[in-house]
Each structure stands twice: as structure tokens, then as C-alpha cells.
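Here are the chains, one letter per residue:
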Amino acid sequence: MSDPVVFTGGPIETFDDGPEPEAVLVEDGAVHALGTTSDCEAAATSSPRRVDLEGRTLVPGFVDAHMHLLLHGCRLDWADLSGARSIEDIVRLLRDYADAHPGVASIDGYGYDQTVLAEGRHPTAVDLDRVDRARPVSVQHISGHGYVVNSAVMRNLGISASTPTPSGGRIDRGEAGEPTGLFFDSACDLLTGEGGVKIRNHGPNFHLPMTPEDRRRRFDLAQESFLSVGVTTVCDAQVSSRELMAYLQARDEGSLLLRTHMLLLSSGLEHLREIGLSSTVGNERLEISGVKFYADGSVLARTAFLAGECCGHAPGAGRGDDGYLYHEPQELHDLLVEAQRLGLATATHSQGSVPIGMVLDAIAAGRAQSPRPGVVHRIEHCGFPTDEQIARMAQLGVVPVPQPVQLHEHADEIVEDLGPIGARFYPYGAFQRAGLPVVISSDAPVTDPNPLRAAWAAITRETVSGAVAGEDFRIDRTTALAGLTRSPAALLGRRDVGVIAPGAAADLVLLDDNPMTADVGALPRIGVTETWIGGALAWAADGRAGLTD
Ligand SMILES: [Zn+2]
């Protein structure tokens, strides 16, 4: 039981149409009353402590419906390659990292983007051997869908010209068939080594082994990163045994601060059936919420299946459309139908209109065979749905979960590669016009977790070059802010988060400006000063609370 707290002295934004209250009373981890300061103080069961907002704005804790906690922790722990504009930059950044971390057993980096590199290609093992020939060196692509590794990694893992390329994956090879170091999508299983998590053709395998100490440190780094931008509830969009263990350990130790929903990867579907998982399980702090599937590859890595988007070219015909499907169409269909039969919510990564159509067909078929009205289905990213597909999603109640900062950061190159259809990437406005919920997420570490920067990107659709990609697909500010709070909360089946209302969890964020009234252009720079979860201070900019030093 915690002492009652009254927040007052600044704007209180609930991101809905109601009048702004003057104060909020929090007791026992929940919001108890909204109203005038004296009403709230009178409603407290014992004399309340007052938190003076001093003009700061109080908003509901943000909800990120698609992110990857442990991978985000890796990004924070590894060399940051997102600023690299050439392979020379990558080599230099990795050498700098190795110099600054002399004892590390391997040299890892995250976040290179081949589309902005001067050389116009991915790095190779030969490039990375210049960093270190003896120790493993590996760099992860900005999409999280693949790696480039040095010769030491391939030697240690016994990868050679005779290693076959798995379906749904890519291994780049030299003239004699020898791998050049690039492993994408389902080929990433090869990099996890003996005893590593294996996911076959069910997704990009970023579940590389790590020591318990590394796992713990990266977990806390990532939690801290989300708390520092006001995120209080998350949905981890790809949970293997590695992530599940990390979450359970943190919960048992009392260090799991983020309210967490987990999507278990579809590679375990058979086991879920065997153990009888037929719905969600968990509580308001940690829940297994459904299953994650992959239909196609990544738009950023140009491995998404965009056959329908590229003037009818077959995949492999160039123009950035040489992507692939993870599963044979019938296999994906059967998996999704099976999930519906079991009663499990699904979230399927699908970028191209062909895979999106396959997913919608499977959901419709699954529903027809096994009507289970409460089972939620989502399409992750949902890059290039057609207008007909958007209408069908609304009719089927299938919710798209895109990431607007990807649009901001990558639309210039996407339009260059795909032509005008590139500006349709993540067509939020069309979702809204069709009556679909607008849900904004980060896919961190693919983009940074700052929710207000994501709202800005969805409102403006401004690209790095300053162009506007798809003016018609912009959304208004109120919709965008609801897209960070109430809408993702509803998608996760929650009424207790994403709102400030009597009975809701006291997940509250103090901001140094009001996102309802600040200039839209200023949204990305609004700072968080305090993040509260369940009525307790979880993080403070001044260091009074937090997980790491
Ligand atoms: Zn993701």
C-alpha cells in the first residue's frame, strides 16, 4: 500500500475529448479520482502527498505495440553503425569500439543501412576482417533481418561453400560458392551455433547466444531506454526461449518495470498446442498474448516480397523486388488457420501486397472453420496493402501495426527504388479512412523508441530529405497521440493503460511541453522528466529513479 499522491500544477492531458482535470489522485497503484485539487485531496483515504507538476504536462504512459527489448539492449551495448555512410565508416566505428572495449570476446555492431553506403553494397567478411581476423566480428543490418560476419565467425561455425541456403533466407556467395559473409532472414539460424535457439524458416534469427551477465545488462539498458521516453507498456514482437527466460527472471527478481505483452515466435506453435495454450496467459505485468509469424522479408533490407508492387516483375527481376516469402504459401496458411483453431492471437509480419493477401485469406478461412470471436489478428508493418485489402482488413477486424519513423528515415530510398508506390509505405491515412485503428509503434531497435517522434512522423510523413511521402496518408495530431496510448492498449486487450481515468493503472508521464499544443515540429524534442508505473516513480531524468547507473 502506497501513500496517496495528488498530481497538480500543470496541464493534465488524457488525449480524449473530455475537459482537462486540474488534479489526479493516485492510490494503491491506480488512478482514484480526477477533478479539482481540493476534490482529489478530499477523496484520498489518508493525507496525500502532493506532486507539483510545476507547469509540466501529465499524460498517460505510452504503449509500444511492437518492439524487441533484448535486441534493443544489444543495439545500446554494441557499436552504433546507424551513422555509417560508407564501409570505411563501418570498419572505423568497429575499430573504435574494439579499442574502447579491449576485453570483449567478439566485436558486434548494429544498424548499418546498405542503401546509404557510398559503396552501394553490404559489407563483406573481407571488409570485417580488417577490424579483427582472430576474434568474431559481426554487424547487424538496421532491419534486424540479417548480419554480415567476418571469416572468424564462419570458420568457428563451420560455414563453407557446401553450406546450403535455407528457403526463406539469403546467403551471398562468391564465384566458387563460398559465402561472402552476408546471412539474411532464415539463413540467420546458421549463426546461432550449437545450442543456440533455432527457428528454421519462422523468421530472422536474432536470438544469438549471450552470457547471463550480458543478457541482464542489455535487458536493463533497454528497459531504461523505454522508460526514459515515457513508454510504460510494451509488446515484444518476437519472443523465443531467450527472451522468455529474460522476462521471467526479471519478473522474479522484481526488476521488470515495463508492463509486457509477449508474442511467442511461430517456430514453437507445435509445442504451444502440446501444452494446451489456447488463449492469453499472465497478468497485468507480464502476459503471453499471442504468436508472431513472418510472411516475407524486410523492406529496409529489400528482402520483402514486393512482386505485386513492382509492375508485375517476378521477384528477382531487380528494381529492389528480389524478396521472398518465409514459408510456402500453403504452410503459412495452415499455420495461421491452426492458430485460430487453437484460440491464439496472431501477429504476422507482412510487407508486400501478395503476402498481406495470403494472411487475410488465411484469417478468413480460419475464422470460417473455427469461429472464436475474441481472437485478435494483426499484420505487423503492413507496408503496401492495396485499397481492397485495407477495406478487407476493416471488415475482418485485422489491425495493421506500422512504424512511422521507418517511413521518415527510409522513404527517400524506398521511393527511389520502387517508384511512386514507395510513397504509399505505411498508409496510415487510408487505414483511418477505412475505420481501422491507428496504432503507432517503434519496432525498436529498428527505430528509436521515442513515441512523440513517431507521432510527428505519422502526422507529417516528412522524409530525411524534407519531402513529404504520401500526403494523403497523413493523420491528425489527436489520432496520432491516441495511437501511442489508447489504441495500442485496446489492441492489447487493455482498458487499464493508455488512459488517465478512475480505476486505470497509475502509469503516468511528466513532459516538459504539452504535445497537444506544442508546434508539431517540436514533438520529437519534448522531454520526459518522470515516468511512473503503478503509482511508483520508475524513472526520473534527474537520476532519482532508474535501473542503471
Ligand atoms: Zn519487429
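Residues numbered from 1 in each chain as written. Predicted model: local features only at pLDDT ≥ 70, side-chain atom pairs only at ≥ 80, totals over all residues. Heavy atoms only, no water.

1. Examining the coordination of the zinc ion
The criterion, for reference: Each metal's donors are the N, O and S atoms within 2.8 Å of it, or within 3.2 Å when it is Na, K or Ca, and because water is not part of the set, sites may look incomplete. Secondary structure is summarised from DSSP: a helix means a run of H or I of at least four residues, a strand means a run of E of at least two, and numbering begins at the N terminus for each. Per-residue accessibility, obtained with a 1.4 Å probe over protein chains only, is compared with the maximum for each type, and a residue is labelled buried under 20%, exposed over 50%, and partly exposed between these values.
Of the protein atoms, only His66 (NE2), His68 (NE2) and Asp443 (OD) coordinate the zinc ion, at distances of 2.1 Å. The sequence pattern formed by the donor residues of the zinc ion is H-x1-H-x374-D. Taken together, the residues histidine 66 in strand β6 (residues 62-67) and aspartate 443 in the loop between α13 (428-433) and α14 (451-460) connect sequence positions 377 residues apart. Both residues of the pair, histidine 66 and aspartate 443, count as buried.

2. Some points on the layout of surface pockets
Put simply, the rule reads: Note on definitions: the grid is 1 Å and covers protein atoms alone; a cavity is a set of points where a 1.4 Å probe fits but cannot get out; a pocket is an open set with protein on both sides within 12 Å along at least five of seven lines; lining residues have an atom within 4 Å of a point. Grid points are joined across faces, edges and corners, and a volume is the space filled by probe spheres set on the points. Residues were grouped as follows: Ala, Val, Leu, Ile, Met, Phe, Trp, Tyr, Cys and Pro as nonpolar; Asp, Glu, Lys and Arg as charged; and all remaining residues, including Gly, as polar.
Quantified by volume, the largest pocket comes out at close to 690 Å³. Along its surface, the largest pocket is lined by 30 residues, and Ser106, Asp108, Pro136, Leu208 and Pro209 are the ones closest to its centre. Taken together, the elements giving at least two residues each to the lining of the largest pocket come down to α2 (69-77), β9 (137-141), β10 (146-149), α5 (151-157) and α6 (212-227). Among the residues forming the lining of the largest pocket, the class breakdown is 16 nonpolar, 8 polar and 6 charged.

3. Here's the deal with the pattern of salt bridges
Applicable threshold: Think of a salt bridge as a Lys or Arg side-chain nitrogen and an Asp or Glu carboxyl oxygen that are within 4 Å of each other.
Tallied over the full model, the rule gives 32 salt bridges. We note a salt bridge from arginine 218 to aspartate 77, for which the minimum N-O separation is 2.8 Å. With arginine 218 in helix α6 and aspartate 77 in helix α2, this residue pair connects regions lying 141 residues apart in the sequence. Taken as a pair, arginine 218 and aspartate 77 share a single burial class, namely buried. Its salt-bridge partner being arginine 170, residue aspartate 172 comes within 2.8 Å of it at the nearest N-O pair. The exposure class assigned to aspartate 172 is partly exposed, which follows from its relative accessible area of 23%. Linked through salt bridges whose partners overlap, the residues forming this network are Arg56, Glu530, Asp542 and Arg544.

4. A look at empty space enclosed by the protein
In the structure shown here, the tally under the stated rule is 3 cavities of 30 Å³ or more. Of the volumes computed, that of the largest cavity is approximately 150 Å³. Split into classes, the residues belonging to the lining of the largest cavity amount to 7 nonpolar, 11 polar and 2 charged. The calculated volume of the second largest cavity comes to roughly 70 Å³. Around the second largest cavity, the lining residues are Phe62, Val63, Asp64, Val231, Ile440, Ser441, Ser442, Pro449, Asn450, Pro451, Ala454 and Leu484. Taken together, the elements giving at least two residues each to the lining of the second largest cavity come down to β6 and α14. The residue makeup of the lining of the second largest cavity, split by class, is 8 nonpolar, 3 polar and 1 charged.

5. A few points about the state of the cysteines
Chemically, a disulfide is nothing more than a covalent bond linking the sulfur atoms of two cysteines. Convention followed: By disulfide we mean two sulfur atoms from cysteines, separated by a distance within 2.5 Å.
Evaluation of the coordinates by the stated rule reveals 0 disulfides. The thiol of cysteine 74 is unpaired, and the distance to the nearest cysteine sulfur, on cysteine 188, comes to 14 Å.

6. Some remarks on the environment of arginine 259
Threshold: What makes two residues a contact is simply this: any of their non-hydrogen atoms within 4.5 Å.
Topologically, arginine 259 is positioned in strand β14 (residues 259-265). Of the residues examined, arginine 259 reaches a relative accessible area of 3% and is grouped as buried. Once the C-alpha coordinates of arginine 259 and glutamate 224 are considered, the two residues, 35 residues apart in sequence, prove to be 13 Å apart. When near neighbours in sequence (up to four residues on either side) are disregarded, arginine 259 contacts Thr232, Thr233, Val234, Glu284, Arg285, Arg494, Val497, Ala505, Asp507, Ile533 and Gly534.

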